[in-house]
Amino acid sequence: MSERPSVVFALEARHLPLLFPPEVMSRLAALADLGPGTVVDLRDPEALGLLAGVDVLITGWGCPPLGLDVLDAAPRLRAVLHTGGSVKYLLPPEGWDRGLVVSSAAAANALPVAEYTLGMILLSGKGVFELRERFRAERSFVMGQVHRSVGNAGRRVGLIGASRIGRRVIELLRPFDFDVLLHDPYVTREEAHGLGVRKVDLAELLAMSDVVSVHAPATPETRHLIGRAGLALMRDGAVLLNTSRGSLIDHDALTEELVSGRLRAVLDVTEPEPLPAASPLYDLPNVLLTPHIAGSHGNELRRLGLTAVEELERFLAGRPLCHRVEHGDLHRAA
Ligand SMILES: NC(=O)c1ccc[n+]([C@@H]2O[C@H](COP(=O)([O-])OP(=O)(O)OC[C@H]3O[C@@H](n4cnc5c(N)ncnc54)[C@H](O)[C@@H]3O)[C@@H](O)[C@H]2O)c1
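In this text, all values refer to a predicted model and were calculated from it rather than measured experimentally.

Things to note about the packing of helix 4 (residues 106–125) against helix 11 (residues 301–316)
The interhelical angle for the contact between helix 4 and helix 11, taken along N-to-C directions, is 160°, at an axis separation of 8 Å. As summarised for this structure, helix 4 and helix 11 are arranged roughly antiparallel, according to the angle between their axes. Helix-helix and strand crossings are classified by hand; for helix 4 and helix 11 the assignment is right-handed. Touching Ala108, Asn109, Leu111 and Pro112 of helix 4 are Arg303, Leu304 and Thr307, all from helix 11.

Brief notes about the sheet that holds strand 4 (residues 101–103)
Here we have four strands laid out as an open sheet, ordered 1-2-3-4, and parallel in their pairing. Unpaired on one side and paired on the other, strand 1 (7–10) and strand 4 mark the two borders of the sheet. Strand-to-strand twist of the sheet, defined as the mean angle between neighbouring strand axes without regard to direction, takes the value 15°. Bridge analysis of strand 2 (residues 56–59) against strand 3 (residues 79–82) gives four bridges, and the strand direction is parallel.

Some points on the site of the ligand
In the neighbourhood of the ligand, 28 residues make up the surrounding shell, with Ile165, Asp184, Ser244, Gly295 and Ala334 lying closest. Between the ligand and the protein, one listed contact pairs an oxygen atom with a side-chain N or O atom of Ser244 at 2.9 Å. In the model, an oxygen atom of the ligand is placed 3.3 Å from a nitrogen or oxygen of the Arg245 side chain. In isolation the ligand exposes 880 Å². Once the protein is present, 91% of that is buried.

A short note on the pattern of salt bridges
Applying the stated criterion to the full structure yields 20 salt bridges. In this structure, Asp236 and Arg262 form a salt bridge, with 2.8 Å as the shortest nitrogen-oxygen distance. Linking Asp236 in the loop between helix 9 (228–233) and strand 9 (239–242) with Arg262 in the loop between helix 10 (251–260) and strand 10 (264–267), this pair joins segments that are 26 residues apart in sequence. Of the residues examined, Asp236 reaches a relative accessible area of 63% and is grouped as exposed. Each of Arg27, Glu310 and Glu313 takes part in one network of salt bridges that share partners.

Rules used in this analysis
- Residues numbered from 1 in each chain as written.
- Predicted model: local features only at pLDDT ≥ 70, side-chain atom pairs only at ≥ 80, totals over all residues.
- Heavy atoms only, no water.
- Axes fitted to C-alpha atoms, helices over the stretch in contact; angles between N-to-C directions.
- Helix = DSSP H or I, 4+ residues; strand = E, 2+ residues; numbered from the N terminus.
- Parallel < 35°, antiparallel > 145°, perpendicular 65-115°, else oblique.
- Left-handed = near helix turned anticlockwise from the far one by under 90°.
- Contact = heavy atoms within 4.5 Å.
- Pairing = 2+ DSSP bridges.
- Near = heavy atom within 4 Å.
- Polar contact = N/O pair within 3.5 Å; in protein donor to acceptor, adjacent residues only side chain to side chain.
- Areas by Shrake-Rupley, 256 points an atom, 1.4 Å probe, with all protein chains shown as cover.
- Salt bridge = Lys/Arg side-chain N within 4 Å of Asp/Glu carboxyl O.
- Buried < 20%, exposed > 50% of the residue type's maximum accessible area, 1.4 Å probe, protein only.

Structure representation (structure tokens):
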């Protein structure tokens, strides 16, 4: 592309200053023409008129799927740079045939999820959540009350999915005294070995792990990947950590296991989300429920905007993008 491209944002306007704080925005403005009123609401049919001369769309959370009416209204469009994670539903199947370059910020969004996961593995292994509850109730503490299974020495962590997030978790776990297992049908034993983990089947992973952390994407294949029988294989007192999507776990069976107190759980995502107000999972001492916060929030959004700017720099220089998404990969991706 020889001239400065015309770039328009299609995302939640209130996210714009967090995604593109001044230093990121000025880097973008040095590359592209950002006309006045650069955030378009693609739900508004009148906004489509603003797309006629647009070369690049920077999309993000709050952007509706780009229907064929949108793509037809933007005949010069060459690239869609998404500041969110998944682009699975951003374009209709026919939209992928138009030769557009599509890129996502899922890799940048993987970092905070992996950090959350590491933190939860360490704190749950240490028994922090239960011991804090007990301390608050009893206002006293006797060293001998700590069960011998508490602690992070030689703990076995089972990861489901060597996804972008799963791989970052593997990296973050490296300095600790953990034995890491992996279940992922798309990764060979040799690849797993190269990552420094041991590939096992799902049943083995569930039966052998102290902590099971779920990082596979939601696909038809992974719906209720962990069902009643799988949960029953987990060790007494084991922790199930889910930052992926609620649909991967049978929540009726999980709730029964958690109400009985046999398992522990850290759940950032649930099915449904949020859970009904009467769900026992909000109050159980063996459950830590968070409101889908593992991904980028606050100052972490800046990395997502920066990813789009760096992708645009590469695109304009005719270099390959680092985070290009191909339609053919979507069936196994988030
Ligand atoms: N809690 C949050 O805030 C948050 C934020 C970002 C992403 N997520 C979720 O985290 C999950 C992982 O995201 P990602 O971007 O790392 O995914 P990704 O697109 O990188 O994952 C794709 C990979 O997952 C693995 N996989 C696919 N099917 C599998 C299966 N049946 N069993 C095991 N592994 C399988 C394969 O290695 C595949 O290449 C997604 O569900 C995503 O929606 C949650």
